[in-house]
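# A structural walkthrough
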Amino acid sequence: MNTMSQHSPKTRWERITDNDIMWSFLSSPGAMTAAVVSSIIILACLFAPLIAPFDPFDPAQISLWDGKLPPSWVEGGQSQYVLGTDNQGRDMLSTILYGGRLSILVGLAAICLGMVMGVTLGVIAGYVGGATEAIIMRLADVQLTIPGILLAILINGVGRAALPLEFREEFAIYVVIIAIGLTDWPQFARVARGATLVEANKEYVQAARIIGLPSWLIMLRHILPNTMRPILVIATIGLALAIIAEATLSFLGQGIPPTTPSLGTLIRVGNEYLFSGLWWITLFPAVALIVLVFSVNLLGDWLRDALNPKLR
């Protein structure tokens, strides 16, 4: 009986928790809190059309007569506007959800662009070596000497200037994504190159070369999957930085157009009324941005420690 009970099959939950990463997650209150908070914010923003009480893009749901109303618990506030309204009469809660949705999507798209570009160039540099490696890594080193936000402003400005005047606002979001993505690729390239140099000397890669597999297939099938752990850590932390970069560009007037709500544009608009007593127009979008970025950063720090046994 005892022998049979000792060898009884594990439940699904036991199989899920029976690994180092899940154990590390469940034993870290900070990581669990960060995961819950970031998940709630991201899901709420992504499902803004279903959750938001108003649609800030629908003129029929916006009334200028209701502009600059304080939060509902402040004297002069109205119950249907929990966090108050902005200068255009848009519900602040709805605008934050829609604006956060745009900021998150821009951050995700930008970090994916930087990751694909950087990992591709890094794996090629580490595997091919020689002049190819020297050129790619010197470009990365040169770019890393330039502050990322300045480079993003430069790329964004050049991209907008290259577009016809009538398309600048329409394609402004894509220009911002490209600008942020192009500033992020060097860090991915350096990490991918380092991981590739380690993997390229292992026996399974040497065996793949001996049997005649083409180089691109070895890099794609054998080396790339084994370089993804550190890449995922950088991507998680990079997502928070990309969201901050979008907010910074929009706040400076170099990112998302003011007519399109994002966390950066909301903070920028609210900043103009900050000294007029309309504190809620700036405060609530800023708090949403800080909480989102902080929770994602905490999650990235935990992931870095969990995937690196030396840091445990």
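Heads up: these notes are all about the structure in this document. Not measured: the values here are computed from a predicted model.

## Brief notes about the overall build of the chain
- Of regular secondary structure, the chain possesses 14 helices and 0 strands.
- When the helices and strands of the chain are read in sequence order from the N terminus, they spell out α-α-α-α-α-α-α-α-α-α-α-α-α-α.
- In terms of its C-alpha atoms, the chain occupies a principal-axis envelope of roughly 75 × 70 × 30 Å.
- The buried share of the chain, taken over its 312 residues, is 41%.
- Of the roughly 16,800 Å² of accessible surface on the chain, a fraction of 67% belongs to carbon and sulfur atoms.

## Thoughts on the state of the cysteines
- Applying the stated criterion across every chain, the model contains 0 disulfides.
- Not engaged in a disulfide, the cysteine Cys45 finds its nearest cysteine sulfur in Cys112; these two sulfurs lie 17 Å apart.
- Cys112 sits in the partly exposed class, given a relative accessible area of 39%.

## A look at the nonpolar core
- Counting residues in each nonpolar core, the largest one holds 21 residues, and the members touching the most others are Ile96, Ile243, Trp280, Leu289 and Leu292.
- Among the secondary structure elements, those contributing two or more residues to this core are α4 (29-46), α6 (92-128), α12 (228-251), α13 (263-271) and α14 (280-307).
- Look past the residues within four positions of Ile243 in its chain and what remains in contact with it is Ser103, Ile104, Gly107, Leu289, Leu292 and Val293.
- By size, the runner-up hydrophobic cluster in this structure holds 14 residues, among which are Ile111, Phe188, Ala208 and Ile231.

## A look at helix α9 (residues 172-200)
- With 29 residues, α9 should cover 42 Å at 1.5 Å per step; its first-to-last C-alpha distance of 41 Å lies within 8% of that length.
- By the largest-angle criterion, Asp184 marks the main kink of α9, which is about 30 degrees, and a proline, Pro186, follows within four residues.

## Topic: the packing of α6 against α14
- One way to put it is that α6 packs onto α14 with a least axis distance of 11 Å and a crossing angle of 40 degrees. In terms of axis orientation, α6 runs oblique to α14. Regarding α6 and α14, the two cross each other, and that crossing is right-handed. Contacts between α6 and α14 involve Met92, Ile96 and Ile104 from the former and Trp280, Ile281, Phe284, Pro285, Ala288 and Leu292 from the latter.
- The residue inventory of the contact of α6 with α14, partitioned by class, reads 9 nonpolar, no polar and no charged.

How each quantity is defined
- Residues numbered from 1 in each chain as written.
- Predicted model: local features only at pLDDT ≥ 70, side-chain atom pairs only at ≥ 80, totals over all residues.
- Heavy atoms only, no water.
- Helix = DSSP H or I, 4+ residues; strand = E, 2+ residues; numbered from the N terminus.
- Buried < 20%, exposed > 50% of the residue type's maximum accessible area, 1.4 Å probe, protein only.
- Areas by Shrake-Rupley, 256 points an atom, 1.4 Å probe, with all protein chains shown as cover.
- Disulfide = S-S within 2.5 Å.
- Core = buried A, V, L, I, M, F, W, Y, C linked by side-chain atoms within 4.5 Å.
- Contact = heavy atoms within 4.5 Å.
- Expected span 1.5 Å × (residues − 1).
- Bend = angle between axes of the 7 residues up to and from the residue.
- Axes fitted to C-alpha atoms, helices over the stretch in contact; angles between N-to-C directions.
- Parallel < 35°, antiparallel > 145°, perpendicular 65-115°, else oblique.
- Left-handed = near helix turned anticlockwise from the far one by under 90°.
- Nonpolar A, V, L, I, M, F, W, Y, C, P; charged D, E, K, R; others polar.

In short, the description is geometric, and any link to function would need to be established separately.
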